[in-house]
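# A closer look at the structure
Each chain is listed here by its residues.
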Amino acid sequence: MACKKQTVPFSGTKEQEEALKKVIAELKDTPGALMPIMQKAQEIYGYLPIEVQTMISDETGTPLEKIYGVATFYSQFALQPKGKYKISVCLGTACYVKGSGNIFSKLEEILGITNGECTPDGKFSLDSCRCVGACGLAPVMMINDEVYGRLVPDDIPGILAKYK
Amino acid sequence: MENVTIKINGMEVTAPKGSTILEAARLAHIEIPTLCFLKEINEIGACRICVVEVKGARSLVASCVYPINEGMEVWTNTPRVLESRKKTLQLLLSNHDRKCLSCVRSGNCELQQLAKELGVEDESYYDGERTPSEIDDSAAHMFRDNSKCILCRRCVAVCEQVQGIGVIGANQRGFATNIGSAFEMGLGETSCVSCGQCIAVCPTGALYEKSCIDDVLAAIHDPKKHVIVQTAPAVRAGLGEEFGYPIGTDVQGKMAAALRRIGFDKVFDTNFSADLTIMEEAHEFIERVQNGGVLPMITSCSPGWVKYCEHYFPEMTRNLSSCKSPQQMFGAIAKSYYAEKMGIDPKDIVSVSVMPCTAKKFEIGRPDEDASGYPDVDYSMTTRELARMIKKLGIRFCDLPDEEFDAPLGIGTGAAVIFGATGGVMEAALRTAVETLTGEELPSVDFTQVRGTEGIKEATYEVAGMEVKVAVASGLANARKLLNMVKNGEAQYHFIEIMGCPGGCVNGGGQPQQPGFVRNTTDIRALRASVLYQLDENNPIRKSHENPAIKELYATYLGKPGSEKAHHLLHTTYVKRSIN
């Protein structure tokens, strides 16, 4: 199930809305336009909250559920904004057998958010990912471009403290 | 038409070019099992139950969507085919809550039927992880239990394509895939119109109406309550299917007998209030025409349509007739006129309806539907619920004698009974409006141009020197098409009838469920509608304004159509709703 709660309030600007409307006006009548419109919308807003999907629905006449269905099918679309610090925990095979599931749980517990969500202050977002190419360091997580390896759950509070 | 000859299981079959293997096999009297397939609605080849072997093909093919070619050789029953179907079924069952004993669909579940046909021997064999789900009870009329969902997407297709709404769809992917609404909203929070067409096409017990059987039985067994029942026209044309009668069997007499044996104090008929609706609606129409009121006037009998209008065409709610639906008019009269006549306090009357409809469950809770100070209708049951109730009480339906409805609220005309078929309300209204305007008797009461199951129908009639243009639409995608034409000025009408379900109430979301292969090969709507037109023809009184009980109601209580009292009791208001 996707996350129901929207943790960060929507703060779209008039400029963003105009940019989206322009994109929709350009693409509206081409067949199969929904995906390109959604991709552009994500470029403009960074993610696709209900406010943005409703705008797409109103402008194109596509039912909101259809847009949401596409948004939740493809992993390229995000329903929640990314935080200032993007945390990705590898749940690929090597990391998983080395206990990355526990790392992920620890992060959920400390941050109070789950997969795909962002903390209400906009600071941290949490995602699971597949192999980051550092299996030798398993279990691995990344915060923005920084890689942290050979983790145990007790390492997490200290690492997060660096970003406070 | 050009024909193609192929071989199925070694036997030659000739079928029209463009047929699918499934259709060609049918001509050879072979029914290939299907699950997701609904003709012209859901042709996606997704469930893989209908797979067959085709010579030269790399893998098994989905016969429901695979077109035939000259010389093609097909096998429908090889071990490879049967093994594949069984494996597919096993995978479906492994993510299905197999509580058949307590399932509302047990006995007419298409999945259960397949399990029987393909030979499922051991239920615990399918234990394993299941996609987590919760029952959605947010809508007024129904539940969604995704633990029984097999992701066939029939409900999604019917909602989006037939009804043009699309509030449900597939969310997520892979094992997490589930049918739901945008942003995990409950169905009750969306712009779902409660038509129940999704329930009608669901092959399993994932979608079902909120039942009020126990509440109604409790009321019947409460000695302080006077429990009355009304039955919509279409119920008598569908109920028999639940008891093994062929589609299109009239069971009006047995239905009245069964209701009496269930223990209702009075067995009445919505036909009575359908006639009343015509009196009020025809009067409203004439008044709008003569006094420059808003035209076209659009019928308001179908609560699914009314809710759709409020969500999707809010600017056109002023076109809606202010008349309550027959169900609500009946309840309003039962708790006022009838209560006074019988000397019963309306608070002790329990007003029950049996409807071919799930939106009626939503309608009884609308604002401004409680003219007596009490709800016009307390419980609205579907045709299916009535069948379950009859079975629950051990009433042997097929052995019952034919009985009559009770007077006075059980008296209806031929004009009323055709309300259950698309075009019926229009025809009934024309019979009364034309005679009222001309003051002369119609040479023929049959307005055949507005009959039939086409989605949109038009006709023009010459009435008292005036051209009256009418249109009839059923199914909400058709309604949208028609209304857009009206909005854009491409078509002009005086009077429009719209029914939420395709074919009208006979094909309502509360009618008996027919499995996919019956829906795909039978014109269910036309068969059920034929029952109503036959009842109309057999009725000595075929015009609403000639109904003696209606005449008495106006003479002794309401005054005349459109009177202040009639307005207070029989008319309602509409709201604007958003699209979600």
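Residues numbered from 1 in each chain as written. Chains lettered and ligands numbered in written order. Predicted model: local features only at pLDDT ≥ 70, side-chain atom pairs only at ≥ 80, totals over all residues.

### Some remarks on the overall build of chain B
- When you go through chain B residue by residue, the secondary structure sums to 19 helices and 17 strands.
- For chain B, the C-alpha atoms occupy an extent of roughly 75 × 55 × 50 Å along the three principal directions.
- With 580 residues in all, chain B has 52% of them scored as buried.
- A sequence separation of at least 24 residues applies to 75% of the contacts in chain B between residues at least 6 apart. (Helix = DSSP H or I, 4+ residues; strand = E, 2+ residues; numbered from the N terminus. Buried ≥ 20, exposed ≤ 12 C-beta atoms within 10 Å, placed from the backbone. Contact = placed C-beta atoms within 7 Å.)

### Details of the nonpolar core
- Grouped together as the largest cluster of nonpolar side chains are 164 residues, with contacts concentrated most on Cys 155, Cys 198, Ile 333, Ala 429 and Leu 532 of chain B.
- Each of domain 1 (3–90) and domain 2 (214–570) of chain B contributes no fewer than three residues to this core. (Core = buried A, V, L, I, M, F, W, Y, C linked by C-beta atoms within 7 Å. Domains from an automatic or database assignment.)

### Topic: the packing of helix H8 (residues 270–290) of chain B against helix H14 (residues 424–438) of chain B
Residue and element names in this part refer to chain B.
- Between H8 and H14, whose axes approach to 9 Å, the crossing angle comes to 55°. Classified by the angle their axes make, H8 and H14 are oblique. The way H8 lies across H14 gives a crossing that is right-handed. Contacts between H8 and H14 involve Ile 278, Met 279, Glu 281, Ala 282, Phe 285 and Ile 286 from the former and Ala 428, Ala 429, Thr 432, Ala 433, Thr 436 and Leu 437 from the latter.
- Taken together, the residues that form the contact of H8 with H14 break down as nine nonpolar, two polar and one charged. (Axes fitted to C-alpha atoms, helices over the stretch in contact; angles between N-to-C directions. Parallel < 35°, antiparallel > 145°, perpendicular 65-115°, else oblique. Left-handed = near helix turned anticlockwise from the far one by under 90°. Nonpolar A, V, L, I, M, F, W, Y, C, P; charged D, E, K, R; others polar.)

### Topic: the packing of helix H3 (residues 50–60) of chain A against helix H4 (residues 64–73) of chain A
All names here are of chain A.
- Relative to each other, H3 and H4 sit at 130°, their axes nearing to 9 Å. If you check the angle between H3 and H4, you find them oblique. For the pair H3 and H4, the crossing hand works out as right-handed. Within the contact between the two elements, H3 uses Gln 53, Thr 54, Ile 56 and Ser 57 and H4 uses Leu 64, Ile 67, Tyr 68 and Ala 71.
- Of the residues assigned to the contact of H3 with H4, the class counts are five nonpolar, three polar and no charged.

### Re the interface of chain A and chain B
- Residue-level contacts link twelve residues of chain A with 15 residues of chain B.
- The element best represented in the side of chain A that touches chain B is H4 of chain A, accounting for seven residues.
- Split by residue class, the side of chain A that touches chain B holds seven nonpolar, two polar and three charged.

### Points about helix H18 (residues 548–558) of chain B
Residues and elements named next belong to chain B.
- Every buried residue of H18 is accounted for by Ile 550, Leu 553 and Leu 558. Across the axial projection of H18, the buried residues extend over an arc of 55°, all falling on one side. Opposite its buried face, H18 presents the exposed residues Pro 548, Ala 555 and Thr 556, each directed more than 90 degrees away.
- Those residues of H18 hidden inside the fold are in contact with H8, helix H10 (326–342) and helix H19 (564–570). (Arc of directions from axis to C-beta.)

### Regarding unusual backbone geometry
- The omega torsion of the bond from Ala 138 of chain A to Pro 139 of chain A falls at -5°, within 30 degrees of zero and hence cis.
- Tracing the sequence through the fold places Pro 139 of chain A in the loop between strand E2 (124–129) and strand E3 (141–143).
- Cis geometry is found at the peptide bond from Ala 407 of chain B to Pro 408 of chain B, where omega equals -5°.
- Although it is not a glycine, Arg 153 of chain B sits at a positive phi angle of roughly 70°.
- Positive phi outside glycine occurs at Ala 464 of chain B, with the angle close to 50°.
- With respect to the helices and strands, Ala 464 of chain B occurs in the loop between strand E15 (456–463) and strand E16 (466–474).

### Section: the confidence of the model for chain B
- Residues with a pLDDT of 70 or more make up 100% of chain B, whose mean pLDDT is 96.
- Across the assembled chains, the prediction reports ipTM 0.91 with pTM 0.93. (pLDDT = per-residue confidence, 0-100.)

### A short note on the sheet that holds strand E1 (residues 85–90) of chain A
Residue and element names in this part refer to chain A.
- The strand order E2-E1-E3-E4 describes an open sheet built from four strands, whose pairing is mixed. Each having just a single partner strand, E2 and strand E4 (146–148) make up the two edges of the open sheet. Neighbour-to-neighbour, the strand axes of this sheet turn through a mean angle of 20°, independent of strand direction.
- With three bridges connecting them, E1 and E3 associate as antiparallel partners. Within E3, the residue paired with Ser 88 across the bridge is Met 142.
- Lying over the sheet, helix H6 (residues 100–111) contacts E1, E2 and E3, oriented at roughly 150° with respect to E1. (Pairing = 2+ DSSP bridges.)

### Quick word on the sheet that holds strand E17 (residues 495–499) of chain B
All names here are of chain B.
- Spatial ordering of the open sheet is given by E12-E17-E16-E15, a layout of four strands whose pairing is mixed. Edge positions in the open sheet fall to strand E12 (297–298) and E15, since each of these has one partner strand only.
- Where E16 meets E17, five bridges bridge the pair, whose relative direction is parallel. Its bridge partner being in E17, Ala 471 is matched across the sheet by Ile 496.
- With respect to the sheet, helix H15 (residues 476–487) is in contact with E15, E16 and E17, its orientation differing from that of E16 by roughly 145°.

### Quick word on the environment of Lys 360 of chain B
All names here are of chain B.
- Along the polypeptide, Lys 360 turns up in helix H11 (residues 359–363).
- Look at Lys 360 and you get buried, because 29 C-beta atoms sit within 10 Å.
- Spatially, the C-alpha atom of Lys 360 lies 27 Å from that of Ala 170, the residues being 190 residues apart in sequence.
- What Lys 360 contacts, discounting residues up to four positions off in sequence, is Pro 303, Gln 327, Ser 353, Met 355 and Ser 380.

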